[in-house]
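Structure at a glance
What follows is each chain in one-letter form.
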Amino acid sequence: MNPILKYLKNVFATKRVLGDDPTLIGLVKADAILQDMYADDKFPGLAITVLKEGKTIFQKGYGYADLDTKRYVDPISSIFRIASVSKPIAATALAHMVQAGLISLDESFYTYLPDYPKKKWDFTIRQLASHTAGIRVYKGKEFALNEPFGIKDSLSIFKNDPLVFEPGTEYLYNSFDWVMISAAMQEASGIPFEAYVQEKVLDPLGMKNTYIPRRHPDDNLKQSDIDVNAIATSEVQNSVTAFYTKSISGFRKATPVDIFYKLAGGGYLSTSEDIAKFGQAFLDQKVGVNEAILNQFLTAQLVNGNSTYYGLGWQVSEDAKGRKFFGHVGSGVGGYSNFFVYPKEQLVFSILINSTDPKVQEDLDVVIDSFFDELDYN
């Protein structure tokens, strides 16, 4: 069917069934777009959860968690790689550590890891968290490493390389910044990074379906008694999606990777419901960190007087229609994610896809925009 005729058919069908209720029209529009995206093979599987004023107004799975077994996506139980949506989780743990006085944002990284190779310039935890420290991006096949690194061990990947600019003078987004922060957090607390996150973020916020890919205790750290959510039991493993990459012929299994070492930058696995729950905790002011500290994390940093549209572990920006949000987009091997919190509108969006970047962000932007129809209508 001609795309324009198809769109008009959907509009008129919606009008007949729902009348002029803008809330329902927005939901049906979002559902129709996602249905069409799946029908057009734009993703293997997708889970979405949308909250409005703390209530779930839309939650659905599309396509398959596993194409081979034909296991459908369940937005409540299907576990995806969330890629860089891991950064806000790590940032929240860092905020707790700042509040506890265990780490200082404006302290040199070398205070916590004095053996790290010295560079031309010093740099701080804040500069790492805001991607203004001058740490380089991935090279070659580093994006898809399959080495069983621990967090501290993994610093060997890039630690001998020079800074690419003087800290504080430019912005360069990368995940190595947060690998370094997680290493510093371990040294400051004396317990594994993942245990600290479990205790301060995941457990208090009820994120029971958020996991680490495996256990790998780092050397020189005391063994924690905290029960960390790891992909271990067969029951949990059966809820994990398969991971795909899009090729000319369709979706194929993504190359195997070991992402434990970059937990903080892009290693966590979760459900769309858990990530939405995480966002709602910020709207409800139930994160457990005082407002003054959180504001530092949720304020876009300036470089040479210009906004980077990035805080400390959080994207802090506005959408195409000028609506302010904080959150993160994630793109990793076998996983793509959108996580946005709109404070004024009291909306939380969590969208997870089990594929390396399927090039659907423009479509997802339209899906998200449709949920504002009610607000724009009023």
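Owing to the predicted nature of the structure, the values given are computational and were not obtained by experimental measurement.

Concerning the sheet that holds strand β2 (residues 55–66)
As summarised here, the arrangement of the seven strands in space is β3-β2-β1-β13-β12-β11-β10, forming an open sheet in which the pairing is antiparallel. Both outer strands of the open sheet, β3 (71–72) and β10 (315–318), are each paired with one neighbouring strand and no more. When β2 meets β3, the two strands line up antiparallel, connected through two bridges. If you follow D66 over to β3, its bridge partner there is R71. Set on the sheet, helix α9 (residues 272–283) makes contact with β1 (45–52), β2, β11 (324–332), β12 (335–342) and β13 (347–353); between it and β13 the angle comes to about 155°. Contacting β1, β11, β12 and β13, helix α11 (residues 361–370) crosses the sheet at an angle of about 30° to β12.

Remarks on the nonpolar core
By size, the foremost hydrophobic cluster in this structure holds 79 residues, and its most contacted members are L94 and F123. If we skip the residues at most four places from it in the chain, L94 touches I103, L105, I125, W178, I181, M185 and F297. With 25 residues, the next largest nonpolar core counts L34, M37, F349 and F372 among its residues.

Digging into helix α3 (residues 86–99)
Compared with an ideal rise of 1.5 Å per residue, which puts 14 residues at 20 Å, α3 spans 20 Å between its outermost C-alpha atoms and is within 8% of the ideal. By the criterion of burial, α3 is predominantly enclosed, with 13 of the 14 residues buried. Remark: G101 follows α3 within two positions and exhibits a positive phi of approximately 75°.

What to know about the pairing of β12
For β12, a buried count of eight out of eight residues is recorded, marking the element as mostly surrounded by other parts of the structure. Of the two faces of β12, both are covered, the one formed by G335, S337, F339 and V341 as well as the one formed by Y336, N338, F340 and Y342. Here β11 runs beside β12; their pairing, made up of seven bridges, is antiparallel. Considered in β12, the bridge of G327 is made with F340. Strand direction decides the pairing type here: β12 and β13, joined by seven bridges, are antiparallel.

Digging into the confidence of the model for the protein
Averaged over the protein, the pLDDT score is 91; the fraction of residues at 70 or greater is 91%. Segment residues 1–21 is flagged for pLDDT under 50; beyond a separation of four residues in sequence, or across chains, it makes 15 contacts in the model.

Looking at the packing of aromatic side chains
The full count for this structure, using the stated rule, is 28 aromatic pairs. With 5.6 Å between their ring centres and 45° between their planes, F325 and Y342 make a pair best called tilted. Of this pair, F325 sits in strand β11 while Y342 sits in strand β12, placing them 17 residues apart in sequence. As far as burial versus exposure is concerned, F325 and Y342 are alike and both buried. In this structure an aromatic cluster arises from ring pairing among F58, F325, F340, Y342, F349, F371 and F372. Lying over the aromatic face of F372, R323 brings its terminal NZ or CZ to 3.7 Å of the ring centre.

Re the environment of P256
Here P256 is to be found in the loop between β6 (250–253) and α8 (263–267). Placed 100 residues apart in sequence, P256 and T356 show a C-alpha to C-alpha distance of 12 Å. In contact with P256, not counting residues within four places along its chain, are A144 and N146.

A look at the side chain of T245
Along the chain, T245 turns up in strand β5 (residues 244–247). Separated by 3.0 Å, the side chains of T245 and T356 make a polar contact.

As for helix α5 (residues 176–189)
Helical geometry: 3.6 residues make up each α-helical turn, so side chains three or four residues apart lie on a common side. Between its first and last C-alpha atoms α5 spans 20 Å; for 14 residues at 1.5 Å apiece the expected length is 20 Å, and the two agree. Counted residue by residue, α5 has twelve buried out of 14 residues, so it is predominantly covered. Where α5 is concerned, the buried positions are F176, D177, W178, V179, M180, I181, S182, A183, A184, M185, Q186 and S189. Phi turns positive one or two residues past the end of α5, at G190, with a value near 80°.

A look at the packing of α3 against α9
Their axes nearest at 11 Å, the elements α3 and α9 cross at an angle of 45°. Taken together, the axes of α3 and α9 lie oblique to each other. The interaxial crossing formed by α3 with α9 has left-handed handedness. Residue-level inspection shows P88, I89 and T92 of α3 in contact with α9, the latter providing I275, F278 and F282.

Focus: unusual backbone geometry
Despite not being glycine, H131 has its phi angle at roughly 65°, a positive value. Tracing the backbone shows H131 in the loop between α4 (125–129) and α5. Positive phi values are uncommon outside glycine, yet Q285 reaches one of about 55°. With respect to the secondary-structure elements, Q285 resides in the loop between α9 and α10 (291–297).

The rules we used
Residues numbered from 1 in each chain as written. Predicted model: local features only at pLDDT ≥ 70, side-chain atom pairs only at ≥ 80, totals over all residues. Heavy atoms only, no water. Pairing = 2+ DSSP bridges. Helix = DSSP H or I, 4+ residues; strand = E, 2+ residues; numbered from the N terminus. Contact = heavy atoms within 4.5 Å. Axes fitted to C-alpha atoms, helices over the stretch in contact; angles between N-to-C directions. Core = buried A, V, L, I, M, F, W, Y, C linked by side-chain atoms within 4.5 Å. Buried < 20%, exposed > 50% of the residue type's maximum accessible area, 1.4 Å probe, protein only. Expected span 1.5 Å × (residues − 1). pLDDT = per-residue confidence, 0-100. Phe/Tyr/Trp six-rings, centres within 6.5 Å; stacked < 30°, edge-to-face > 60°. Lys NZ or Arg CZ within 6 Å of the ring centre and 35° of its normal. Polar contact = N/O pair within 3.5 Å; in protein donor to acceptor, adjacent residues only side chain to side chain. Parallel < 35°, antiparallel > 145°, perpendicular 65-115°, else oblique. Left-handed = near helix turned anticlockwise from the far one by under 90°.

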